[in-house]
Amino acid sequence: MLSTLSADFRIIFERDPAARNWLEVLFCYPGLQALIFHRLSHWLRSIGIPFIPRFISHIARFLTGIEIHPGALIGKGVFIDHGMGVVIGETAIVGDYALIYQGVTLGGTGKESGKRHPTLGENVVVGAGAKVLGNLQIGNNVRIGAGSVVLRDVPSNCTVVGIPGRIIYRSGVRVAPLEHNNLPDSEAEVIRTLVDRIEALEEQIQALQTPVKTPILIGQFIQENELPKEHNFCNIRDKKIQEFFDGAGI
Ligand SMILES: CC(=O)SCCNC(=O)CCNC(=O)[C@H](O)C(C)(C)COP(=O)(O)OP(=O)(O)OC[C@H]1O[C@@H](n2cnc3c(N)ncnc32)[C@H](O)[C@@H]1OP(=O)(O)O
Ligand SMILES: N[C@@H](CO)C(=O)O
């Protein structure tokens, strides 16, 4: 337990530019104080002590504004910054080196029993006021935006924002957020594709009809000009012939 508390203490200097010295961190960081109380209440609960763990958690909430149920599993090096209004439910699991800001709820939806609170992987950041609700799996290195409400599992290395929470970065690559006023119309897409196809086929049919027309016109030309049937057109350099075929669009 001592090594865990030591990690909880040391991480504050890494994570908080406002942390100046050990005296300040020890006496002015409610997140650290709440974790000290929680480590004790969680241990007492694990050895089967009734009531006292809940009471310690209640006192800690009174002193720090942070409510952590004694049943919650909190990894080492977790930093709850500012802390006021943080609520962590009984079956929540928080991985090592999570950073949790004020107003965060790791809660239930009110519809589940048993394991009903989220599981956070390692190195997760949960922004101020964010709510993570339900028996969800939040992967390692996930960042949850301030004010978000997360209701679904989030894979590792993602950033989630909004209500409901949507992934905007996956492994550092931007994923366009869904615009509800601009959703794709798949039926219209299919119809547009079919219309394009019909137009292309009509053009091909048109092109195929042209050679069929040519012998008919040649026959017509022979008749109109009273030429002998065996006439060799390839040798004719007559302007009249050119005009006739131009007029026929050939
Ligand atoms: C006293 C104190 O200081 S307490 C500390 C409080 N601080 C926090 O809680 C920090 C929480 N961090 C955040 O919310 C951050 O914005 C993060 C981690 C979600 C995202 O950070 P970045 O990866 O740098 O994302 P970036 O700033 O590029 O934003 C990407 C997009 O998400 C949007 N976005 C960022 N944060 C949020 C949010 N909380 N809610 C909704 N949209 C958001 C941005 O507007 C931007 O949208 P656009 O590209 O369409 O303009
Ligand atoms: N403690 C953090 C967030 O408020 C900072 O000072 O940046």
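Structure's up top.
What comes next is a walk through the structure. The shown structure was predicted, so the numbers you read here are calculated from the model rather than taken from an experiment.

In this structure, the largest pocket spans a volume of roughly 200 Å³. Surrounding the largest pocket, V150, L151, R152, D153, V154, V160, P164, G165, R166 and I167 form its lining. A per-class count over the lining of the largest pocket returns 6 nonpolar, 1 polar and 3 charged.

In the vicinity of ligand 1, 13 residues are found, and the nearest of them are G127, A128, R143, A146 and R174. Note that a nitrogen atom of ligand 1 is positioned 2.8 Å from one of the backbone N or O atoms of A146. At a separation of 2.7 Å, an oxygen atom of ligand 1 approaches a polar side-chain atom of R174. Against a free-state accessible area of 980 Å², the protein chains account for coverage of 48% of ligand 1. For the shell around ligand 1, the secondary-structure elements that each account for two or more residues are β14 (158-161) and β15 (166-170).

So, on to a negative patch on the surface. Side chains of D196, E199, E202 and E203 sit close together on the surface and give a patch of like negative charge. Inspection of the secondary structure puts E203 in helix α5 (residues 186-224). When its relative accessible area of 60% is taken as the criterion, E203 is described as exposed.

Take the packing of aromatic side chains next. Applying the stated criterion to the full structure yields 3 aromatic pairs. Measuring from ring centre to ring centre gives 6.2 Å for Y29 and F79, while their planes differ by 40°; the resulting arrangement is tilted. Taken as a pair, Y29 in the loop between α2 (22-28) and α3 (30-46) and F79 in strand β3 (residues 79-80) lie far apart in primary sequence, 50 residues in all. F79 sits in the buried class, given a relative accessible area of 1%. Note on F51 and F55: the rings are 5.6 Å apart at their centroids and 20° apart in plane angle, and the pair reads as stacked.

Let's shift gears to the sheet that holds strand β7 (residues 105-107). Spatially, β1-β4-β7-β10-β13 is the arrangement adopted by the 5 strands of the open sheet, whose pairing is parallel. Because the sheet does not close on itself, it has two edges, and the strands there are β1 (67-68) and β13 (149-150). Here strand β10 (residues 131-133) runs beside β13; their pairing, made up of 2 bridges, is parallel. Bridged to V132 within β13 is V150.

Here α3 crosses helix α4 (residues 52-64) at 175°, and the two axes come no closer than 8 Å. Judged on the interaxial angle alone, α4 and α3 are roughly antiparallel. For the pair formed by α3 and α4, the contact residues are P30, Q33, A34, F37, L40, S41, L44 and R45 on the first element and I52, P53, I56, A60, L63 and T64 on the second. Here the contact of α3 with α4 is built from residues that sort into 10 nonpolar, 3 polar and 1 charged.

Rules and cut-offs
- Going along each chain's sequence as written, the residues are numbered from 1 onward.
- Here every chain gets a letter starting at A, and every ligand a number starting at 1, in the order they are written.
- pLDDT decides what is reported in this predicted model: residues at 70 or higher carry local features, side-chain atom pairs at 80 or more are listed and counted, and totals for whole chains, interfaces and linings draw on all residues regardless.
- Working from all heavy atoms in the structure, the side-chain values ignore hydrogens and water.
- The method works on a 1 Å grid over the protein atoms by themselves. A cavity is a set of points holding a 1.4 Å probe that cannot get out, a pocket is an open set with protein on both sides within 12 Å along at least five of seven lines, and residues with an atom within 4 Å of a point line them.
- Grid points are joined across faces, edges and corners, and a volume is the space filled by probe spheres set on the points.
- Any residue that is not Ala, Val, Leu, Ile, Met, Phe, Trp, Tyr, Cys, Pro, Asp, Glu, Lys or Arg is counted as polar, Gly included; the first ten are nonpolar and the last four charged.
- Proximity criterion: a residue is near a molecule or strand once any of its heavy atoms comes within 4 Å of it.
- N or O atoms within 3.5 Å of each other form a polar contact, as long as, within protein, one can give a hydrogen and the other can take it, and as long as residues adjacent in sequence are counted only when both atoms are side-chain atoms.
- Here the open area of atoms and residues is found with the Shrake-Rupley method and a 1.4 Å probe, where only the protein chains shown may cover a residue.
- In this text, helices come from DSSP runs of H or I with a minimum length of four residues, and strands from runs of E with a minimum of two, each type numbered from the N-terminal end.
- Each patch is assembled from residues with relative accessible area greater than 30% and no salt bridge, linking like charges that lie within 9 Å and nonpolar side chains (Val, Leu, Ile, Met, Phe, Trp, Tyr) that lie within 5 Å.
- When a carboxyl oxygen of Asp or Glu is within 4 Å of a side-chain nitrogen of Lys or Arg, the pair counts as a salt bridge.
- Positive charges are assigned to Lys and Arg, negative charges to Asp and Glu, while His and the chain termini are left out of the count.
- Taken as the charge location is NZ of Lys, CZ of Arg, CG of Asp or CD of Glu.
- Using a 1.4 Å probe on the protein chains alone, a residue whose accessible area is under 20% of its type maximum counts as buried, one over 50% counts as exposed, and one in between counts as partly exposed.
- We call Phe, Tyr and Trp rings a pair once their centres come within 6.5 Å, taking the six-membered ring for Trp, and we label the pair stacked below 30 degrees between planes, edge-to-face above 60, and tilted otherwise.
- At least two bridges found by DSSP between two strands is the condition for calling them paired.
- Each axis is a line fitted through C-alpha atoms, taken for helices only over the stretch in contact, and angles between the N-to-C directions span 0 to 180 degrees.
- Each angle receives one of four descriptions, namely roughly parallel if under 35 degrees, roughly antiparallel if over 145, roughly perpendicular if within 65 to 115, and oblique otherwise.
- Should any heavy atoms of two residues lie within 4.5 Å, those residues are considered in contact.

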